[in-house]
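Structure at a glance
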Amino acid sequence: MPSVRWLLLPLVLATCQRPGPGPSTPSDAEAPEPPAAQPREPTPAADPTHPLELVPARARVMLMARSPQRLAQVWGRDQIMGRFPSHYERLVSEMERDIGHDLLDPNELAALGLDPTAPMGLAVLSFQDEAVVLFGGAPDPQRMLDGIGGLFAARGLKLESPQAAGEATLQRLTEDVTLVLRHRMAALVLVDRHRQGMPDYAREIARIDPAQSLAHAHAMQRAHTGLPHEADLQGLLDVAGLVADAFEHSRRIEQEALADQGRMLAEARQRGASTEELESIQQSLQQQQAFMARRQREQQIAELLLSRTLGAIEGIGLAVDADDRGLRGRIHLALGPDAAFRDLLVDSPRPPAALAALTDAPQLVMSGELDVGVAIDLFAQAALAAGASYAEVNEEARKGLGLDFDRQLRPLLDGRATFALTSRPLPAKARTKDFASTLGGIVAVGVEDEAKAKALLQEVVAKQRDHDKGMPSSVRIEAAEEIGGFVITLPEAPGTLWVGVVAKQLVASNDLPTLRRLRDGQAGPAGSQLVDPEAWQRLTEGPGAARLAMHHRLPLATVFAFLAGFDAFDFVPDVDDELREEFPEDDLFSIPRGKATVRLQAQLDRALQKKRQLRRQRSEEQQMQAWTVADALGMTAGVVRKTDTGLMIEGGHYVKGGLAGYVEGMISLSELEDEARTSVDAELERATQRADETRERLLKARRKEIRKALSKRSSTSSAVRAQPDDGAR
C-alpha cells in the first residue's frame, strides 16, 4: 500500500540520537488520552522521556540522527533541490501523489503529526523475524491518527479501530505494520515474517519499562563509553548479541528437525505402520542424531573461536558530526575482558613508513602492528574450525613455495604489516586495459633481521629457479640489489613487480620509487592527492594500533564491473524460435535452410559479433568514466587506538562539500548511462542498425522459405489422399 510505505519514509530518513543526561522531549500540544489500559496489563514503572526508550533492549542494530531538520541540512536538501530539480522531483513525486506531502522537507512533517526538530531513528529488533521499529517525536498524535484515517478513507480502505495498551495507543495499519503512540512519541513497527511463538513487538513497545529499553541496555552503555552524548549521527551494532542469536537460531532449527523426526516415529507407531517403515524412520532419526553430534562438536570449536573474537565485541558505538568536510567522529568497539583483539593489536608509536612513502593516491589501506603469536593462534583455531589444521596449511606452503613458514619466516616477523592499493588518474578515453596500468600499491611485512630476511628471499628464489629449470617459462626474475631483492616480469601483467627487503620490511610493489623512498626514509606525494589532509594524517601520523582507509569508488567499481558483463551480453533468439508463433502447428526446425537463409544468418552473426565488441568497448569506457566521476565520493579513513574499554577508531568520511557533495557525486554517476559519450557511440549505433536490418532480411527470407516448404508438403499430402486404393481399382 503506497500510503503506508511513505508514512515510513520520514522515520527512515530521519534517524535519532541517543539520550544523554536529561534528554529533551517534544513540548508541543499534549496528546489526547488514549483508551484505558486493559486491567490485566501491568502499568509500566515510568513513562519514556526519549524516543529511544521505546525500543526494546533486544534490538541488535540502531541508527539515530539529531532530527529530520538537521538531517536535511546534512545531506543538503535545499542545495540538491536547487541544482538537480528534475532528480529531486522524481524522488518525491510518488510520495506527494500518495500523501500530498514532501516528506524530505522537515517543514511538511508536522502536517503528519511528527516533530521535525525532535530525534528520530530506526532499530532492527530481529533479523529472523525481519522486525524493524522506526521511532520519533509525535507531539500531536491525534493529527497522526486523523491523517492516516484520511489516507485510508480516500482509497476506500477500512482502518481498524485503535487499541489501548496502558497509556499507549496501538493502531494496526496492515498485517505487518502497527503504529504505537505513547507519551507524545511514535513507533512504527514492521514485521515481515510471522512465526508461532514470536514476540508481540508492538505491544512490547507499548508496555516497555524505559529502564529496560535499549537506551539503558548493557550493550548500548558499553558501546558508547568514551563517545559524546550528542552527535549528528549515532548508532549501535550489538555484535555479541548477533553471534548469540545466530547460534541460538541454529540450535533451534536442529532441535525442531529432531522433534519432527520423533513425531513421525510416534505417529507411525500409533497407526500401526509396517516394520519396514518404522525401521526407515528410525534409521533417518539415527542419522539425524549422528549429524547433530558431529555438528555440535564443530560448533563448539567455532563458538570457542567466536567467543574470543566477534562474540567478545560487546557493542560497537558510533558518534559522528557532519560539516562541509564530510562526517567526522569516533567509533568505539567495546571489548570483553577475554577478547583476543586486546592482545592481537599492539599500540605502536611508529607510523607506517610504507604508507608515507607512497607515490599515488591510496584507494584501500590496511596497516597495523600485531602480536604474531596471538595471530598464529587465532589462525590455527580458525583452520581447526574449518576442518583443517595449522600444520596442514604450513605444509602446503612449504610444498608450493619451498618455504617453511613456521620455522623460517615466523621467527623473523616483528608484527608490522601494511597493504595499500593505489591509483593514478586515468588518461582520456581510457578502457579497462588501461585501468590496470594505473593501479599500484605495496605489501610490506616488518622483519627483525634484514640480513636473514634477504638470505631467506634468496633461498626461496633459488629453489623456484631450480624447480623451473628446463621448463618453458615466460616469467623473468632478475636481481635488484638496490632493494635487496629481485624484479619479476610477468607475461600478462602490466609493468613489473619488485620484491625485496628495505627498511627492515619484506616488501612487494610495482612502484620502484615508493620502495626507494621507503629505503631512504623519505615521504612520497600521495598525501597531497587526497581531498582532505586530515585523512592522510590519520594514516601516517601519531601512534596507533591500526590504520584503515577505503575510497568509496572502490566498491562501486566492483559493482560496475559486474554489471558490465550483463551490458555486453546480447542474446538473440534463433530465427525459427522467433517465427514459431506464426506457424504454431509446424516443426520449423525440420525444414532445411536454403543458401540465401544460410548466407543471411552468417551476415547476422558477424553483425552481432561487431555489435557486442563495440558494446564491450563502450561499457569499458563508461566504467572508466564512472571511476573518474566517483572520485567525488571521497574516502573513509581512521586510526585505531587501544583503550581500557576496547578499541577507539578516530577519523571519518572525508568528501569535498560534505554529504551534499557525496549526493551530487551519486547523481552524476546515475547520469552517466544516459548522458556520457564514448568514442564508439556513433559506430555502435550504425552497427546496431546493420544488425537489425540484417535480422529483418533473415526473418523475411526464412518466412518465405517456410511457407514454400509447407505449401509443398500440403500439395503432396493432397495428392496422396486423391489416389484410389488397390480395392477401388
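This text goes with the structure placed above it.
Read on for a plain summary of the structure. (Residues numbered from 1 in each chain as written. Predicted model: local features only at pLDDT ≥ 70, side-chain atom pairs only at ≥ 80, totals over all residues. Heavy atoms only, no water.)

Quick word on the packing of aromatic side chains
Counted according to the given criterion, the structure contains 2 aromatic pairs. Ring centres of Phe379 and Tyr390 lie 6.3 Å apart, and the angle between their planes is 85°; on these two criteria the pair is classed as edge-to-face. Taken together, the residues Phe379 in helix α13 (residues 372–385) and Tyr390 in helix α14 (residues 390–401) connect sequence positions 11 residues apart. On the basis of relative accessibility, which here comes to 39%, the residue Phe379 falls in the partly exposed class. Taking the centre distance of 4.9 Å and the plane angle of 70° together, the rings of Phe435 and Trp627 count as edge-to-face. Taken as a pair, Phe435 in helix α16 (residues 432–438) and Trp627 in helix α22 (residues 595–629) lie far apart in primary sequence, 192 residues in all. (Phe/Tyr/Trp six-rings, centres within 6.5 Å; stacked < 30°, edge-to-face > 60°. Helix = DSSP H or I, 4+ residues; strand = E, 2+ residues; numbered from the N terminus. Buried < 20%, exposed > 50% of the residue type's maximum accessible area, 1.4 Å probe, protein only.)

Considering the pairing of strand β19 (residues 635–643)
Both strand β18 (residues 546–551) and β19 contribute to a ladder of 6 bridges, which runs antiparallel. For Met550, the partnering residue across the bridge sits in β19 and is Thr636. As judged from the 9 bridges shared by β19 and strand β20 (residues 646–654), these two strands associate in the antiparallel manner. The residue of β20 that forms the bridge with Thr636 is His653. Joining the antiparallel neighbours β19 and β20 is a turn of 2 residues. (Pairing = 2+ DSSP bridges.)

What about the nonpolar core?
In terms of nonpolar packing, the biggest core is built from 36 residues, with Trp75, Met144, Leu179 and Leu181 touching the most fellow members. Sorting the residues of this core by element identifies α2 (68–74), α4 (85–99), β2 (120–126), α6 (141–154), β6 (177–182), β7 (185–191) and β9 (313–323) as the ones contributing at least two each. Take this core: its biggest share by element is 5 residues, from α6. Residue contacts for Leu181: discarding those within four places in its chain leaves Ala138, Pro141, Met144, Leu145, Glu167, Ala168, Thr169 and Ala186. By size, the runner-up hydrophobic cluster in this structure holds 30 residues, among which are Val55, Ala187, Ala202 and Ile205. (Core = buried A, V, L, I, M, F, W, Y, C linked by side-chain atoms within 4.5 Å. Contact = heavy atoms within 4.5 Å.)

Purely geometric stuff here, so don't read any function into it on its own.
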